[in-house]
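Residue-level structure breakdown
Spelled out, the chains give:
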Amino acid sequence: QVQLVESGGGLVQAGGSLRLSCAASGRTASRNAMGWFRQAPGKEREFVAAISWSGSGTYYADSVKGRFTISRDNAKNTVYLQMNSLKPEDTDVYYCTLTYTGASSWLPRTDSQIEHWGQGTQVTVAS
C-alpha cells in the first residue's frame, strides 16, 4: 500500500514560480518511477513530467519543457516539481504518481501505466 500526498500548490501571477512536493508513505522502498499529471475541469488527465528510480532519467511534456523541472529524493520518498515561468494555461489540479518497476531507468508515459495517484493540489496562474 502506498499513499501519495501533494503540497505546494497555490495562486501565482503569470511568470511566477511554484514548487510542488509529493511525499510517499507505505511501500516505498522498492524501485519505482514517479511523476506528475495534471487535469482541468471537464478535461482528461495530461502527462506533465516523470522521473526514473535512479533520478537520472526525466521526461517532460512539450508544453512544460524548459520551464518545469522534476527531481526526487529517494531517502525522503519525495518527488518535486519546480515550475517556473508559469502561464495561465498551467492552471490545473496537479497529481503525483508512482509506479513500481524493475528498471532503474524506466519512465511512465501514460496514465494506464500509473499504479498510485495522489489526491491532487490546485495550481492557479493569474494573468
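Everything below is about the structure shown above.
Along every chain, residues carry numbers that run from 1 in the direction the sequence is written. Reporting in this predicted model follows two pLDDT cut-offs: at least 70 for local features of residues, and 80 or more for side-chain atom pairs to be given and counted; totals over whole chains, interfaces and linings ignore these cut-offs and use all residues. Side-chain metrics rest on all non-hydrogen atoms present in the structure, leaving aside hydrogens and water.

Some details on the pattern of salt bridges
A side-chain nitrogen of Lys or Arg and a carboxyl oxygen of Asp or Glu constitute a salt bridge if their distance falls within 4 Å. This model, assessed by the stated rule, comprises five salt bridges. The salt bridge involving R38 is made with E46; its shortest N-O contact spans 3.0 Å. Partly exposed residues are those whose accessible area sits between 20% and 50% of the maximum for their type, while under 20% is buried and over 50% is exposed, using a 1.4 Å probe and protein chains only. Since its relative accessible area comes to 5%, R38 is described here as buried. Taking relative accessible area as the criterion, E46 reaches 34% and is therefore assigned partly exposed. With its nearest N and O atoms 2.7 Å apart, the salt bridge here joins R67 to D90. With R67 in the loop between β6 (58-60) and β7 (68-73) and D90 in the loop between β8 (78-83) and β9 (92-100), the pair connects residues that are 23 residues apart, well separated along the chain. Take R67 and D90: they sit in the same class, and that class is buried. Several salt bridges share partner residues, and in doing so they unite R38, E46, R67, D90 and D92 into one network. Runs of E in the DSSP output that reach at least two residues are strands. Runs of H or I that reach at least four are helices, and both are numbered from the N terminus.

Topic: the sheet that holds strand β3 (residues 18-26)
Strand pairing is defined by DSSP finding a minimum of two bridges between the two strands. Judged by pairing direction, the sheet is antiparallel, and its four strands sit side by side in the order β1-β3-β8-β7 without closing on themselves. Each edge of the sheet is formed by a strand with only one pairing partner; in this case those strands are β1 (2-7) and β7. Ignoring strand direction, the axes of neighbouring strands in this sheet form an average angle of 15°. Across six bridges, β3 lies against β8 in antiparallel orientation. For A23, the partnering residue across the bridge sits in β8 and is T78. In this description, a line fitted to the C-alpha atoms serves as the axis of each element, helices being fitted only across the stretch in contact, and the angle between N-to-C directions of two axes falls anywhere from 0 to 180 degrees.

Some details on the environment of V125
Take V125: it is sitting in strand β11 (residues 121-126). Taking C-alpha positions, V125 is 8.6 Å from G15, a pair spaced 110 residues apart along the chain. Pairs of residues are marked as contacts when any of their non-hydrogen atoms sit within 4.5 Å. Among residues more than four places away in sequence, those in contact with V125 are V12, Q13, A14, L86, K87, P88, D90 and T91.

Quick notes on the packing of aromatic side chains
Working definition: a ring pair exists when centres of Phe, Tyr or Trp rings (six-membered ring for Trp) sit within 6.5 Å. Plane angles under 30 degrees give stacked, over 60 give edge-to-face, the rest tilted. The full count for this structure, using the stated rule, is three aromatic pairs. Aromatic pair F37 and F47: ring centres 5.6 Å apart, planes at 80°, arrangement edge-to-face. With a gap of ten residues between them, F37 in strand β4 (residues 32-39) and F47 in strand β5 (residues 46-51) connect regions that are remote in the sequence. For the pair formed by F37 and F47, the shared burial category is buried. The exposure class of F37 is buried, given its relative accessible area of 3%. Feature note: the residues F37, F47, Y59 and W117 constitute an aromatic cluster, connected by ring pairs.

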